[in-house]
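# Fold and geometry: a report
The primary structure of each chain is shown beneath.
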Amino acid sequence: MAGREAAKRVLQQVRPILSVDREEARKRALNLYKAWYRQIPYIGEWSPLCHHPSPYKQIFTLPVMDYDIPMTIEQCRDKLREEFVKNRTVTDIRVIDMLVIKGQMELKESVEIWKQKGHIMRYWKESQEPKPTDFLSKFIQGVN
C-alpha cells in the first residue's frame, strides 16, 4: 500500500507542459494537423516542368518546389496523416504536448526553409536495412 501512495504523490507532483487535460492536448494536436495541412500547398509551387493537358489537373499534382522534391501535395498530405496516425495511441498528456511542440518546430523550420531537401525526403524513407551479423553477409556487402 505504501508504494501506491508514493506513486500517487509522484503523479500529483508532475506538472503539465502545455495542456491541463486530455481534451486540451487533443485540440492542440488537431490544430497542429490543420496548420500543417494548410501550409503544404504554400510550401509547394507550380513548376513549368510539370506539363499536364488540363490546368485543373495541375492543382492536384503540384510538386513541392521550394524543396525540389518529387512529391505531390496529395502525397505530402498522405504522409502527414500517416505521421499523425502513427502517434494515435499516445495517451500521456506530457508526451502529447512534447510531440506537438516538436511538430510546431518542424512546421516552422519547413515554412522558413531552414530545412534542406534531405531533411524533407527523410520522411519518405521506409526504414534502414538491418546490418548483417554473420561473416558471409558482411563479406558480400563489403562491411568491415
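Up top is the structure these notes are about.
In short, a report on the structure.

How each quantity is defined
- By convention here, each chain's residues receive numbers from 1 onward along its written sequence.
- Two thresholds apply to this predicted model, a pLDDT of at least 70 for residue-level local features and 80 or more for giving and counting side-chain atom pairs, whereas whole-chain, interface and lining totals are computed over all residues.
- Where side-chain values are given, they derive from all heavy atoms of the structure, hydrogens and water being excluded.
- Strands are runs of DSSP state E lasting at least two residues, helices are runs of H or I lasting at least four, and both sets are numbered from the N terminus onward.
- N or O atoms closer than or at 3.5 Å make up a polar contact, with two conditions inside protein: a donor-capable atom paired with an acceptor-capable one, and, for residues adjacent in sequence, both atoms drawn from side chains.
- Contacts were defined at the residue level, with two residues in contact if any of their heavy atoms lie within 4.5 Å.
- Among buried residues, the Ala, Val, Leu, Ile, Met, Phe, Trp, Tyr and Cys ones that are joined through side-chain atoms within 4.5 Å form a nonpolar core.
- Exposure categories follow from relative accessible area, calculated using a 1.4 Å probe and restricted to protein chains: below 20% of the type maximum is buried, above 50% is exposed, and the middle band is partly exposed.
- For patch detection, residues must exceed 30% relative accessible area and be free of salt bridges, and they are connected within 9 Å for like charges or within 5 Å for nonpolar side chains (Val, Leu, Ile, Met, Phe, Trp, Tyr).
- We get accessible surface area from the Shrake-Rupley algorithm with a probe of 1.4 Å; when it comes to residues, only the shown protein chains can shield them.
- Each reported salt bridge corresponds to a side-chain nitrogen of Lys or Arg within 4 Å of a carboxyl oxygen of Asp or Glu.
- Within 6.5 Å between ring centres, the rings of Phe, Tyr and Trp (the latter by its six-membered ring) count as paired, and their orientation is classed by plane angle as stacked under 30 degrees, edge-to-face over 60, tilted in between.
- Helix span, expected: 1.5 Å multiplied by one less than the number of residues in the helix.
- In this description, one arc is meant: the one made by directions from the helix axis to the C-beta atoms.
- Orientation is described by axes fitted as lines to C-alpha atoms, over the contacting stretch for helices, and by angles from 0 to 180 degrees between their N-to-C directions.
- For this classification, under 35 degrees means roughly parallel, over 145 means roughly antiparallel, 65 to 115 means roughly perpendicular, and everything else is oblique.
- Two helices cross in a left-handed way if the nearer one is turned anticlockwise from the farther one by less than a right angle. They cross in a right-handed way if the turn is clockwise.
- When residues are sorted by character, Ala, Val, Leu, Ile, Met, Phe, Trp, Tyr, Cys and Pro go into the nonpolar class, Asp, Glu, Lys and Arg into the charged class, and all the rest, Gly among them, into the polar class.

Moving on: the side chain of lysine 115. Considering the arrangement of structural elements, one finds lysine 115 in the loop between helix H5 (93–111) and helix H6 (117–121). Polar contacts involving the side chain of lysine 115 include one to the side chain of tyrosine 123, which spans 2.9 Å. Not counting the four nearest positions on each side in its chain, lysine 115 is found in contact with Tyr67, Glu106, Glu109, Ser110, Ile120 and Tyr123.

As a further point, take the nonpolar core. One broad rule of soluble globular proteins: the nonpolar side chains tend to lie buried together. Of all hydrophobic cores here, the largest spans 16 residues; its most connected members are Trp36, Ile40, Tyr67 and Ile69. Breaking this core down by element, the ones donating at least two residues are helix H2 (22–43), strand E2 (69–72), helix H4 (73–86) and H5. If we ignore the near neighbours within four places in the chain, the residues touching tryptophan 36 are Leu80, Gly103, Glu106, Leu107 and Ser110.

Here we come to the environment of leucine 80. Topologically, leucine 80 is positioned in helix H4. Each C-alpha atom, one on leucine 80 and one on tyrosine 123, is 9.2 Å from the other, the two residues being 43 residues apart in sequence. In this structure leucine 80 touches Tyr33, Trp36, Tyr37 and Ile40, once residues within four positions along its chain are discounted.

Let us look at a nonpolar patch on the surface. Together, Phe135, Leu136, Phe139 and Ile140 make up a nonpolar patch on the protein surface, roughly 540 Å² of accessible area in all. Of note, phenylalanine 139 is situated in helix H7 (residues 135–141).

It is worth spelling out the packing of aromatic side chains at this point. Per the counting criterion, the structure on display carries 3 aromatic pairs. An angle of 85 degrees between the planes, with centres 5.1 Å apart, marks the rings of tyrosine 33 and phenylalanine 84 as edge-to-face. With tyrosine 33 in helix H2 and phenylalanine 84 in helix H4, this residue pair connects regions lying 51 residues apart in the sequence. Clustering of aromatic rings is evident, with ring pairs tying together Tyr33, Tyr37 and Phe84.

A turn of α-helix holds 3.6 residues, and therefore any two residues three or four places apart point the same way. Along its 19 residues, H5 runs 27 Å from first to last C-alpha, staying within 8% of the 27 Å computed at 1.5 Å per residue. Turning to H5, its buried residues are Ile93, Ile96, Asp97, Val100, Gly103, Leu107 and Ser110. All buried residues of H5 lie within an arc of 150 degrees about the axis, which places them on one face of the element. Buried residues belonging to H5 abut H2 and H6.

This brings us to the packing of H2 against H4. Where H2 meets H4, the axes come as close as 9 Å, and the angle between the chain directions of the two elements is 165 degrees. Relative to H4, the element H2 lies roughly antiparallel. Between H2 and H4 lies a crossing whose hand is right-handed. Only Ile73, Cys76, Arg77, Leu80, Arg81 and Phe84 of H4 make contact with H2, whose side of the interface consists of Ala29, Leu32, Tyr33, Trp36, Tyr37, Ile40 and Pro41. Classifying every residue of the contact of H2 with H4 gives 11 nonpolar, no polar and 2 charged.

All chains considered together, the criterion is met by 6 salt bridges. Across the pair glutamate 82 and lysine 79 runs a salt bridge, and its minimum N-O distance is 3.0 Å. Taken together, the positions of glutamate 82 and lysine 79, both in helix H4 and 3 residues apart, correspond to about one turn of that helix. By relative accessible area, glutamate 82 is classed as partly exposed at 46%. Note on lysine 79: relative accessible area 11%, which makes it buried. For the salt bridge of glutamate 112 with lysine 108, the shortest nitrogen-to-oxygen distance reads 3.6 Å. Given the relative accessible area of 38%, glutamate 112 is considered partly exposed.

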